[in-house]
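Listed below, chain by chain, are the residues.
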Amino acid sequence: MKKYPSARKFLFLLSLLSALPWGVQAGTEGSSARQQIYRQAANSAEADIRRIAQARQWQGHNSKLNVFIPSEVSQFRRCSVPLTVSRPQGNSSELTRFHYDLRCEDASGWEVSVTVKPDVYLPVLVARRALDRGTQLAASDLILKKKNISAIRDGVLIHPDDAVGLTVKKRIRPLQPIMPSQLEQPVLVERGQRVLMLAEQQGVQAKMIGEALKKGRKGDTIRVKNLSSERTVSALVESSGVVRMLLPPTQ
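Overview of the structure.

### Focus on the environment of I49
Thought 1: Inspection of the secondary structure puts I49 in helix α2 (residues 33-55).
Thought 2: Given the relative accessible area of 2%, I49 is considered buried.
Thought 3: Each C-alpha atom, one on I49 and one on H61, is 9.7 Å from the other, the two residues being 12 residues apart in sequence.
Thought 4: In this structure I49 touches H61, S63, L65, L95, F98, P118 and V120, once residues within four positions along its chain are discounted.

Set out below in structure tokens:
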């Protein structure tokens, strides 16, 4: 038959348990200055990453933080008030690293500079296969893959519409993140090509045939020879084989 402890023994055990220092488990009073600094630096870095993510319209990102704290903080006393945070003058907001000055404004009066290096992972456009220079990108050339973007200084692309139709400037390796600096508008007008010249003045539009004297991409200003008048004018490349004449205000 199973025996149970008597009521007297139970009350004795309960009195012993109630004497234990349960207040320490919250970890607030017992936390060190180093722990305070780590938490504050991590919170500041997470807030900065959220701000950048919102401004750049990132979706589905996550991050890991590497917090570097000077060794002298082992001599600091725990601050009895919340730490104040500021950024050093001229500190950039690039993802490669964040710098924070943390200050304790109680009787201890200490201050420390902390560096946080984040690893930020985000689904970005990468090359599905090797893409040679001059390739005009199609949707089938691209896939989304989660990458650590912290060290990518030239930015990343997250929407296929921002890349499809553009031309590769330099060979891109398979699964390499695609950066805006690697792409350019395709050539829409070749040198010596016959082009349609558009001109508009006071609501009247004229069309004529010209010859491009220079190749150009969308938005480029090139010189075009009007084959009817033999005049050479400046024109803005508008679309494939189409330019719009830049008329002086007096004309």
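### Observations concerning unusual backbone geometry
Thought 1: Backbone geometry at Q57 places phi at a positive 60°, although glycine is not the residue there.
Thought 2: Note on placement: Q57 falls in the loop between α2 and β1 (62-68).
Thought 3: In this model, L175 sits at a positive phi of 65°, which is unusual for a non-glycine residue.
Thought 4: Mapped onto the elements of the fold, L175 is located in the loop between β6 (167-168) and β7 (183-184).
Thought 5: For L175, a relative accessible area of 37% corresponds to the partly exposed category.

### Thoughts on the state of the cysteines
Thought 1: If you walk through the whole model with that rule in mind, you get 1 disulfide.
Thought 2: A disulfide bridge connects C79 with C104, and the sulfur atoms are separated by 2.1 Å. Handedness of the C79-C104 disulfide follows from its S-S torsion of about 90°: it is right-handed. With C79 in the loop between β1 and β2 (84-86) and C104 in the loop between β3 (98-103) and β4 (111-127), this pair connects stretches of sequence that are 25 residues apart.
Thought 3: The class of C79 is buried, set by a relative accessible area of 1%.
Thought 4: Take C104: its relative accessible area is 2%, and that puts it in the buried class.

### Some remarks on the nonpolar core
Thought 1: Core analysis: the biggest nonpolar cluster contains 30 residues, and I37, W58, L95, F98, W110, V114 and V116 have the highest contact counts within it.
Thought 2: Here this core gets 8 residues from one element, more than from any other, and that element is α2.
Thought 3: Contact partners of W110, with chain neighbours within four places excluded, come to A33, Q36, I37, F76, R77, C79, L83, L102, R103 and C104.
Thought 4: By size, the runner-up hydrophobic cluster in this structure holds 14 residues, among which are M197, A199, V237 and M245.

### Concerning the environment of R39
Thought 1: In this structure, R39 sits in helix α2.
Thought 2: Residue classification places R39 among the partly exposed positions, given a relative accessible area of 41%.
Thought 3: Along the backbone, R39 and V67 are 28 residues apart, and their C-alpha atoms lie at a distance of 9.5 Å.

Here is what the cut-offs are and how they apply
Residues numbered from 1 in each chain as written. Predicted model: local features only at pLDDT ≥ 70, side-chain atom pairs only at ≥ 80, totals over all residues. Heavy atoms only, no water. Helix = DSSP H or I, 4+ residues; strand = E, 2+ residues; numbered from the N terminus. Buried < 20%, exposed > 50% of the residue type's maximum accessible area, 1.4 Å probe, protein only. Contact = heavy atoms within 4.5 Å. Disulfide = S-S within 2.5 Å. Core = buried A, V, L, I, M, F, W, Y, C linked by side-chain atoms within 4.5 Å.

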